[in-house]
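Take a look at the letters that make up each chain.
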Amino acid sequence: MKNLDFAAELHLKLGVPASSTVESLRLLRAFLKLAPRQRYEVIKLVEDLATEVALPERPLS
């Protein structure tokens, strides 16, 4: 943040965010940078993992 007063004020009001929150925001930022097709593939992968669907056995590149 470029405005240090604003950052300090947020820090006083909200405290320090949990590391899991920071990591979630990093992942969200990375996800938003993906092309729409790649986003779809990530969502599909997560859905498959969440429902324990067996993934095809192929090597990761």
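Relevant structure appears above.
Presented here is an overview of the structure given in this document. The shown structure was predicted, so the numbers you read here are calculated from the model rather than taken from an experiment. (Residues numbered from 1 in each chain as written. Predicted model: local features only at pLDDT ≥ 70, side-chain atom pairs only at ≥ 80, totals over all residues. Heavy atoms only, no water.)

## Topic: the overall build of the protein chain
Step number 1: A count of helices and strands for the protein chain gives three helices and zero strands.
Step number 2: Of the regular secondary structure in the protein chain, the N- to C-terminal order runs α-α-α.
Step number 3: In the protein chain, which comprises 61 residues, the proportion classed as buried is 2%.
Step number 4: When the accessible surface of the protein chain is split by element, carbon and sulfur atoms take 62% of a total near 6100 Å². (Helix = DSSP H or I, 4+ residues; strand = E, 2+ residues; numbered from the N terminus. Buried < 20%, exposed > 50% of the residue type's maximum accessible area, 1.4 Å probe, protein only. Areas by Shrake-Rupley, 256 points an atom, 1.4 Å probe, with all protein chains shown as cover.)

## Some details on the pattern of salt bridges
Step number 1: One pass over the structure, following the stated rule, counts four salt bridges.
Step number 2: Between Asp-48 and Lys-44 there is a salt bridge whose closest N-O contact spans 3.0 Å. Here Asp-48 and its partner Lys-44 are both found in helix 3 (residues 36–50), four residues apart, which amounts to about one turn of the helix.
Step number 3: For Asp-48, a relative accessible area of 14% translates into the label buried. (Salt bridge = Lys/Arg side-chain N within 4 Å of Asp/Glu carboxyl O.)

## Focus on a nonpolar patch on the surface
Step number 1: Taken together, the side chains of Leu-25, Leu-28 and Leu-32 present a nonpolar region at the surface, about 290 Å² in accessible area.
Step number 2: On the secondary structure map, Leu-25 appears in helix 2 (residues 19–33).
Step number 3: For Leu-25, a relative accessible area of 53% puts it in the exposed group. (Patch = residues over 30% accessible without salt bridge, like charges linked within 9 Å, V, L, I, M, F, W, Y side chains within 5 Å.)

## Some details on the packing of aromatic side chains
Step number 1: In the structure shown here, the tally under the stated rule is zero aromatic pairs.
Step number 2: Here the guanidinium or amino end of Arg-39 rests over the ring plane of Phe-31, the centre of that ring lying 5.9 Å away. (Phe/Tyr/Trp six-rings, centres within 6.5 Å; stacked < 30°, edge-to-face > 60°. Lys NZ or Arg CZ within 6 Å of the ring centre and 35° of its normal.)

## Digging into helix 3
Step number 1: Taking 1.5 Å of rise per residue, 15 residues should cover 21 Å, and helix 3 covers 21 Å from first to last C-alpha, within 8% of that figure.
Step number 2: Just beyond helix 3, the residue with positive phi is Glu-52, at close to 55°. (Expected span 1.5 Å × (residues − 1).)

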